[in-house]
Amino acid sequence: QVQLVESGGGLVQAGGSLRLSCAASGSTGDNYHLGWFRQFPGREREFVAAIAPSGDVTQSDSLEGRFTISRDNAKNTVYLRMTSLKPEDTATYYCAGASASWLNYRSAQAYDHWGRGTQVTVSS
């Protein structure tokens, strides 16, 4: 079975930085895309960023360049570096994996594996 485990969440002050990690284990297969979503209270899960094994990136247009996604293929790990954090970034952040290629990676329906989520809280 494929397992995704997030780490790095926690409490941070406004203007600070945080790096999330997600380690994938199991038979992920070739062309395994990894992405990040976040969910605010009372809202549907929304797309943050996704990255292919080649390093090709798809990202949300609403983050003002403050978040950067990267991956280490040797470790099968994806990262999300968050800077200039704002209280409105407070959410549960989820790691997701997609086994198929040429999908709309902005959609949660493209992903077939999900982590448990990690809480990010930004205080003001």
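Anything mentioned here points back to the structure above.
Residues numbered from 1 in each chain as written. Predicted model: local features only at pLDDT ≥ 70, side-chain atom pairs only at ≥ 80, totals over all residues. Heavy atoms only, no water.

### As for the sheet that holds strand β7 (residues 67-72)
Definition in use: In short, DSSP must find at least two bridges between two strands for them to pair. Runs of E in the DSSP output that reach at least two residues are strands. Runs of H or I that reach at least four are helices, and both are numbered from the N terminus. Lines are fitted to the C-alpha atoms to define the axes, a helix being fitted only along its stretch in contact, and any angle between axes, read from their N-to-C directions, falls within 0 to 180 degrees.
Pairing in this open sheet of four strands is antiparallel, and the strands run β1-β3-β8-β7 from one edge to the other. A single partner strand is all that each edge strand has here, and the edge strands are β1 (3-7) and β7. Mean inter-strand twist for the sheet, computed between neighbouring axes without regard to direction, equals 15°. Alignment of β7 against strand β8 (residues 77-82), held across six bridges, turns out to be antiparallel. Residue Arg 71 lies in a different strand from β8, and its bridge partner there is Val 78.

### Some details on the state of the cysteines
So the rule is basically this: Cysteine sulfur pairs qualify as disulfides if the two atoms are within 2.5 Å.
Under the counting rule described, the total for this entry stands at one disulfide. Two residues, Cys 22 and Cys 95, share a disulfide whose sulfurs are 2.1 Å apart. Measuring handedness by torsion sign, the sulfur bridge of Cys 22 and Cys 95 sits at about -80° and is left-handed. Of this pair, Cys 22 sits in strand β3 (residues 18-25) while Cys 95 sits in strand β9 (residues 91-98), and the two are 73 residues apart along the sequence.

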